[in-house]
Amino acid sequence: MKVAAKLGSYGWGEPTVDILKAELDQVIERALDIPVDPGGWWHQYVCPRHHTELVFDPLEADGRTFLCSYGCEWEGEPYRGAWLVFKHQAMARYVLQAAAVYAATGERAYAELGKRLIIRYSEQFPLYPVHPEAQPWMLKGRAFHQALTEAIWATTLLRGYLLLRDEGVLLDGADQQKMDSFLQMLESSMTEYHHILTQERGDPENNYTAWLIAALFCIYTVRGESDKLKHLLEKEGGLRHHLTIAVRPDQLEFEGSIYYHVFVLRAYLIAAEMGDRMGEGLYSLRGEQGQSMQGMLTVLVRLADQNGMLPALHDGPYRRVPYAREIAEIVEIGLSVYGDQGYRGLLTHVYREMNGDNGRIGMLEALLYGTGRWDGRIGTAALGVKDVHDGRRGEGREVQGVWDASEAAPEASKASGALEEPKALRAFAVPETSEASEVPEAFEVPVAPEAQGIAGMDLTAAHTPSLVLPDSGFARLRTNDTSGIQALVDFGPHGGAHGHFDKLNLMLHVGHHPLSPDRGTVPYGSVLKKEWYPHTAGHNTVTVGGRSQLPSQGKCMAYQAASDRSYIWVRADQAYDQGVLDRHLLLIEDWLLDWFEVELEEPQAIDWWFHYIGSGKVSGGADAVRDPGTTNFGSQDGYAYIKEHRRLLMSKDSPQLDLHIARASGPLAAVSFVPFGDTVCSQVESPGIADDPTRRMEGIRLHRTGSSARFIAVYRRGDKPVTLTWKPSGDGESLNLSDGTTTRNFGMTKSGLKERILDENLV
């Protein structure tokens, strides 16, 4: 649908154009020009004291002093170069925005603004040198340190150019010559970088490659060179090949990072847009193992929480405005192209982050790519994001964050119909196997017949049952109780340069609230990028010997799920030399049982970690309590950033240990621990969610020394813990778990967790 048609067809169209016009009017009034200096590396736009991204105002003509949200002021490099990255990107976005507004209104001032900025970049680009200050590992750009950043910037600029041309806005002879020279230089550099990456470095699956392809597709489309586009579509290192090797068959990008998954998918969709202009139907393109853009969108829906928020797996921000814009773009395109209403939850969330209660109104992504009368709101209370990229958008309203978000409205759970309930299974009946390492064949979640195949599902996060991504190594456990515990566990490949040392990491939600999410990652210019966020001790898993895990891949040993329960057994046997880590998770509607076993060849220090959002209070579980002051556990692999505040020494005769976690709105969860002997429980704190590490997270460390260890915890919503009784007996050790209604007994076997049927039932 043409942009102009949206004004009369959709209620959100006209007010959106009015807001976008007002933003551009300020650009015109201030006569903003492009920077004559090239940009640096955006990841260095970070406060070295607070590790938060610095504030950026796109209307600032020439930034020289750079502020952090806590009031710090920084000058010079590398902040100036990083600011220039954002400035160049903002100017390219103004080109696209001006083209959209002109297409909607026909008002010539906006066409002239877009045209002027395109001409200025055509003139300036040849004057930028191949960047002398780029880091050695980078493919060097001209306008930026990285050719990657240059490719992203170029796609925005050229999409604006094409939209203006669609509306009859053409360059005159002299200006067209400048544009032709710019395109020639850009094509030459992008082609060279593509060859270096895919041939000389032998790294064709790199996320860079997707953006080099997208930029070249834009260039070919501007010039009408369909033969070149078709060649790059099919050649080795081309679009189809990249989709095959960079996306796993379960539809997740190979690095296991949601951020880079969105990043690559956005490049694919831009390439598909260009292909569509050239008569190539690329939105339905498939890789050799069924990988597709539609599948990549659907897997995001399957992994999102009930608010529509995506987990910050491996490298990537917890949340930031440019990332939210990228999500909005891919989902708006997905809704328009594939018509899957299950995507709405994702879109509602990011619009709430950026735009409060206004949904699509005022959003450039909606005007460019959105269709339909739906206004971008479902009623979900999405978590707020501090908009350090455009303070004007957040003026006059309170922005809430993950720490104090209120209860989400239940309407979010009704965005689309639920799956047909699968046939009931026994809670966690794992098939008997001759070897404990065998993986049962029945690996997939039972789903309704009409929903077979992840690429074809039409679901929202709120009604999606448990699932396993067997190639990427993530499992999402949930029941139909939307107010209960939901779990996400990571057992897959390391993730390359963007992976974390986090095998068997457990991330929890209670209803609409994150309880123990992955923290995300700060901008890479912060020392915390390498010193804290990727390390094992910052995740909810186990460390051995005070060191992070090795880069490794785990495995799923067993998995079964039904509408009211899920069980998974995951193993990491390469994370430590001569060590095996096993995690068993059983989720029912009222609680989650977490049973962790560690086996080593030699005695070592073993630490079990659980970091959470909220305020925790510990009761029971200790024969002795002592306050060590504020102490650290070590200096390696992130341990230096963890501070201990309280220590409890447990024995086998200690009472049950309970942790009550609350937020400002009230109790959130109760966590109960079996008090095994010679275990030290420490209450700790550490750098928090990556968008603001200074807001520290509380946590629990359970510490033992030996060649084996067992840690058992049960998580329950609200403030009432379960009752746990460990029963060592002649016919095998077992756990009694009473939730106030029933008592159940569990034991560990070579085939996984098993339940003994008891006669006890509490009425």
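In this text the structure is predicted, and so the values were computed from the model without any measurement.

Criteria and thresholds
Residues numbered from 1 in each chain as written. Predicted model: local features only at pLDDT ≥ 70, side-chain atom pairs only at ≥ 80, totals over all residues. Heavy atoms only, no water. Helix = DSSP H or I, 4+ residues; strand = E, 2+ residues; numbered from the N terminus. Buried < 20%, exposed > 50% of the residue type's maximum accessible area, 1.4 Å probe, protein only. Contact = heavy atoms within 4.5 Å. Areas by Shrake-Rupley, 256 points an atom, 1.4 Å probe, with all protein chains shown as cover. Polar contact = N/O pair within 3.5 Å; in protein donor to acceptor, adjacent residues only side chain to side chain. Pairing = 2+ DSSP bridges. Axes fitted to C-alpha atoms, helices over the stretch in contact; angles between N-to-C directions. Phe/Tyr/Trp six-rings, centres within 6.5 Å; stacked < 30°, edge-to-face > 60°. Lys NZ or Arg CZ within 6 Å of the ring centre and 35° of its normal. Left-handed = near helix turned anticlockwise from the far one by under 90°. Nonpolar A, V, L, I, M, F, W, Y, C, P; charged D, E, K, R; others polar. Core = buried A, V, L, I, M, F, W, Y, C linked by side-chain atoms within 4.5 Å. Arc of directions from axis to C-beta. Salt bridge = Lys/Arg side-chain N within 4 Å of Asp/Glu carboxyl O.

A. Inspection of the overall build of the chain at higher detail. Secondary structure assignment for the chain yields 16 helices and 24 strands. Taken across its 763 residues, the chain has 63% of its residues classed as buried. The contacts of the chain with a sequence gap of at least 6 include a subset with a gap of at least 24, amounting to 69%. When the accessible area of the chain is evaluated, it comes to approximately 27300 Å², of which 48% is carbon and sulfur surface.

B. Inspection of the side chain of R519 at higher detail. In this structure, R519 sits in the loop between β7 (513-516) and α16 (528-531). At 2.3 Å, the side chain of R519 and the backbone oxygen of P687 are in polar contact. Ignoring sequence-local partners within four residues, the contact set of R519 consists of Y318, W532, Y533, G538, H611, S686, P687, G688, I689, A690 and M697.

C. Structural view of the sheet that holds strand β23 (residues 743-749). Taken together, four strands build an open sheet; the order of strands is β21-β22-β23-β24 and the sheet is antiparallel. Pairing within the sheet leaves two strands with one partner each, and these edge strands are β21 (723-727) and β24 (752-756). Averaged over neighbouring strand pairs, the angle between their axes works out to 25 degrees when direction is ignored. Here four bridges tie strand β22 (residues 734-738) to β23, and the two strands are oriented antiparallel to one another. Across the sheet, residue N736 finds its bridge partner in β23, namely N745.

D. Just the sheet that holds strand β6 (residues 505-510), in detail. Read across the sheet, five strands follow the order β3-β4-β5-β6-β7 without closing on themselves; strand pairing throughout is antiparallel. What marks the edges here is a single partner per strand, and that holds for β3 (467-469) and β7. Within this sheet the neighbouring strands show an average axis-to-axis angle of 15 degrees, counted without direction. Here strand β5 (residues 485-490) runs beside β6; their pairing, made up of six bridges, is antiparallel. What sits directly across from D490, in β6, is N505. Against the sheet, helix α11 (residues 293-303) makes contact with β3, β4 (474-477) and β5, and its axis sits at roughly 130 degrees relative to β3, the strand it touches most.

E. Representation of the pairing of β23. Within β23, five of the seven residues are buried, which leaves it mostly tucked inside the rest of the structure. Note: β23 against β24, five bridges, orientation antiparallel. In the sheet register, N745 faces β24, and the bridge partner there is R756. With antiparallel pairing between neighbouring strands as the criterion, β23 and β24 make up a hairpin whose turn holds two residues.

F. Just the packing of aromatic side chains, in detail. In the structure shown here, the tally under the stated rule is 29 aromatic pairs. Both rings, one in W153 and one in F182, keep their centres 6.1 Å apart while their planes meet at 70 degrees; by these two values the pair is edge-to-face. With a gap of 29 residues between them, W153 in helix α5 (residues 147-166) and F182 in helix α6 (residues 173-200) connect regions that are remote in the sequence. Residue classification places W153 among the buried residues on the basis of a relative accessible area of 1%. Sitting over the ring of W42, R320 keeps its end group 4.1 Å from the ring centre.

G. The arrangement of the pairing of strand β12 (residues 591-612) in detail. Most of β12 is tucked away: 16 of the 22 residues are buried. Bridge count between strand β8 (residues 542-544) and β12: three bridges; the pairing is antiparallel. When the bridges of β12 are listed, T543 appears paired with D607. Across nine bridges, the pairing between strand β11 (residues 579-588) and β12 is antiparallel. Bridge pairing links L586 to L593 in β12. Hairpin geometry of β11 and β12 is characterised by an intervening segment of two residues between the two adjacent antiparallel strands. With 18 bridges connecting them, β12 and strand β20 (residues 697-717) associate as antiparallel partners. Its bridge partner lying in β20, F610 is registered against I700.

H. Here's a closer look at the packing of α5 against helix α10 (residues 258-277). Where α5 meets α10, the closest approach of the two axes is 12 Å, and the angle between their N-to-C directions is 35 degrees. When you trace α5 past α10, the crossing you get is left-handed. Where α5 abuts α10, its residues L148, I152, T155, T156, R159, L162, L163 and D166 lie against F263, R266, I270, E273, M274 and R277. Broken down by class, the residue content of the contact of α5 with α10 amounts to seven nonpolar, two polar and five charged.

I. Highlighting the packing of helix α3 (residues 79-105) against helix α4 (residues 108-124). Where α3 meets α4, the axes come as close as 8 Å, and the angle between the chain directions of the two elements is 150 degrees. In this structure, α3 crosses over α4, and the sense of that crossing is left-handed. Residue-level inspection shows H88, M91, Y94, V95, A98, V101, Y102 and T105 of α3 in contact with α4, the latter providing R108, Y110, A111, L113, G114, L117, I118 and Y121. Considered class by class, the residues forming the contact of α3 with α4 number twelve nonpolar, three polar and one charged.

J. Structural detail: the nonpolar core. Counting residues in each nonpolar core, the largest one holds 153 residues, and the members touching the most others are F217 and Y268. Looking at this core element by element, the count peaks at 19 residues for α3. Excluding anything up to four places from it in sequence, Y268 contacts A210, L239, H242, L243, A246, V247, M293 and M296.

K. Region of interest: unusual backbone geometry. Across the junction of E77 and P78, the peptide omega takes the value 5 degrees, indicating a cis bond. When you line up the elements, P78 lands in the loop between β2 (73-75) and α3. Positioned with a positive phi, A31 is a non-glycine residue whose angle comes to about 50 degrees. Residue position: A31 is located in the loop between α2 (13-30) and β1 (65-67).

L. Local environment of helix α8 (residues 226-234). Regarding α8, the residues found buried are L229, L232 and L233. Taken around the axis of α8, the buried residues stretch over an arc of 110 degrees, which confines them to a single face. Counted as exposed and oriented over 90 degrees from the buried face of α8: D227 and H231. The secondary structure elements touched by the buried residues of α8 are α6, α7 (207-223), α9 (239-246) and α10.

M. Seen up close, the pattern of salt bridges. On inspection of all chains with the given rule, the structure shows 41 salt bridges. The residue R319 makes a salt bridge to D691 at a minimum N-O spacing of 2.9 Å. Here R319 is found in the loop between α11 and α12 (321-338), whereas its partner D691 is found in the loop between β19 (679-686) and β20, with 372 residues between them in sequence. By the burial criterion, R319 is buried, and D691 matches it. Two residues, R377 and D375, come together in a salt bridge whose shortest N-O distance is 2.6 Å. Relative accessible area serves as the criterion here: at 24%, D375 is assigned to the partly exposed category. Each of D33, R120, E123, D175 and K178 takes part in one network of salt bridges that share partners.

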